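Coordinate analysis (summary)
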Amino acid sequence: MQPLQFPPRLLMGPGPINCYPSVLQAMSTQLVGQYDPTMTSYMNEVMALYRQVFNTQNQQTFLIDGTSRAGIEASLVSVLEPGDKVLVPIFGRFGHLLTEIAERADAEVHTIEVPWGEVFDPQQIEEAIKRVQPKVLAIVQGDTSTTMLQPLSDIGAICRAHDVLLYTDATASIGGNPFDMDAWQIDAVSVGLQKCLGGPSGSAPVSYSDRFVSAVRKRHHVEAGIRDAHHTESTGSRIRSNYFDLGMIMDYWGEERLNHHTEAATMLFGSRQCAIELLREGQDKVIARHQLAGNAMLQGIQAMGLQPYGDLSNKMSNVVGVHIPDNVDGEKVRHDMLNIFNIEIGTSFGPLKGKVWRIGTMGYNARQDAVLHTLQSLETVLRGQGFALPNGEGVDTALAVYSSAKESAAQKACL
């Protein structure tokens, strides 16, 4: 058998993306035992790092071993008891995912929807909360299926006013768009590494407010094989998943270190480095870098005569949807981008399947050369299909966006 060998792909779709080299290096570190003091000290360090990533003081900030979907499922199955009401505002594919996971927890699920390409006004959500009176509001911040970014800054206060727990999946948006957990009064968040955080899929950083933890602790359970005399049973129903039982996972990450699973050490090392990369560069600078790359890609796309998808005033900074032009074979374009230029761009799902491309500028790939290479390659492939477009305008426009940003930064530095 030969060693693993992959083509040198530039991943410019909606995720996953190419990892930061330092993340890959961290993940090659040799293992130690899960209760080795060095290992537990790094677990504590990861908790502290992700409090900064989420902008929170929450003690219960840690990793769920699994992809971003594991973080979603752990959050919802642990807080929702059978019959609990949950409200899910749906504006893309991943709202439907939250709905399905809540349904599998036997919750009473209520949904509201807006057309794909739009987001919710806070008043729409408050009106639905008043009508449904849910225990939990579960909403996506950034939905890559539509490229839309749902504003959250007012929703937490609405939920607190009506005694509703607010959970959000911020996998697609964290790191590339503002996220302020405590200031926005968000009770629970889960994310993945494979987008703006610049890591691989396989670990789900999470954070939970005291309100959320109290709801979970009512269902607290300790496995018989590790139970001691001081452990007591909860009054609530047992969480239906053992692996995703947040109460037991919190015990594992807490001072008592009750055994629940063997921590995925390699993913912890990678998660740690993702947070370090974000914080070392500075959150504001990383968000600005994503905004610059996303704006350069968007303006380059428009200069090529292509039509962006959705409400641009509520677009994520890190991915742009592009209407596939008439008389253009969208899948052949993706095939040629991949097999000729080694660049991956995405399609979409549901009502947008085959109708839009999704082009990401995330994490390590939110940089000038990746944007320019993608635009130039896309122009060449489109010309090959007979699509008429201005010669070089996409690249020239993106270059102008970057040049303008550099001039503005230089002027500010002189003040």
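Residues numbered from 1 in each chain as written. Predicted model: local features only at pLDDT ≥ 70, side-chain atom pairs only at ≥ 80, totals over all residues. Heavy atoms only, no water.

Turning to the protein, the UniProt annotation filed under Cofactor (unreviewed entry) states: "pyridoxal 5'-phosphate". Entered under Sequence similarities (unreviewed entry) in the UniProt record, the comment concerning the protein runs "Belongs to the class-V pyridoxal-phosphate-dependent aminotransferase family." (UniProt positions renumbered as here; feature names shortened; annotations may be inferred.)

Right, let's get into the pattern of salt bridges. One pass over the structure, following the stated rule, counts 14 salt bridges. Across the pair Arg-240 and Asp-106 runs a salt bridge whose closest N-O atoms are separated by 2.6 Å. With Arg-240 in the loop between α7 (210-217) and α8 (246-253) and Asp-106 in the loop between α4 (93-104) and β4 (108-113), the pair connects residues that are 134 residues apart, well separated along the chain. For Asp-251, the salt bridge is made with Arg-217, and the minimal N-O distance between the two is 3.2 Å. Residue Asp-251 is located in helix α8, and its partner Arg-217 is located in helix α7; the two are separated by 34 residues in the primary sequence. (Salt bridge = Lys/Arg side-chain N within 4 Å of Asp/Glu carboxyl O. Helix = DSSP H or I, 4+ residues; strand = E, 2+ residues; numbered from the N terminus.)

So, about the packing of helix α9 (residues 265-281) against helix α10 (residues 283-303). Relative to each other, α9 and α10 sit at 95 degrees, their axes nearing to 5 Å. Here α9 is positioned roughly perpendicular relative to α10, judged by the angle of their axes. Contacts between α9 and α10 pair Leu-278, Leu-279 and Glu-281 from the former with Gln-283, Lys-285, Val-286 and Arg-289 from the latter. (Axes fitted to C-alpha atoms, helices over the stretch in contact; angles between N-to-C directions. Parallel < 35°, antiparallel > 145°, perpendicular 65-115°, else oblique. Contact = heavy atoms within 4.5 Å.)

A word on the UniProt feature "domain: Aminotransferase class V" (unreviewed entry) in the protein. When the UniProt feature table is mapped onto this chain, "domain: Aminotransferase class V" (unreviewed entry) is found at residues 37-211. Between the first and last C-alpha atoms of residues 37-211 the distance is 31 Å; the span itself is 35% helix and 23% strand.

So, about the domain arrangement of the protein. Here the protein is described as being made up of domain 1 (31-279) and domain 2 (283-414). Measuring from the centre of the C-alpha atoms in domain 1 to the corresponding centre in domain 2 gives 31 Å. At the interface, 27 residues of domain 1 touch 23 residues of domain 2. Buried surface at the junction of domain 1 and domain 2, both sides included, amounts to about 2000 Å², of which 60% is carbon and sulfur. The tally of links between domain 1 and domain 2 comes to 13 residue pairs in polar contact (both at pLDDT 80 or more). Only α2 (37-54), β6 (142-143), β7 (148-149) and α9 provide two or more residues apiece to the side of domain 1 that touches domain 2. Its residues placed into classes, the side of domain 1 that touches domain 2 shows 11 nonpolar, 13 polar and three charged. (Domains from an automatic or database assignment. Buried area = accessible area lost by both parts, 1.4 Å probe. Polar contact = N/O pair within 3.5 Å; in protein donor to acceptor, adjacent residues only side chain to side chain. Nonpolar A, V, L, I, M, F, W, Y, C, P; charged D, E, K, R; others polar.)

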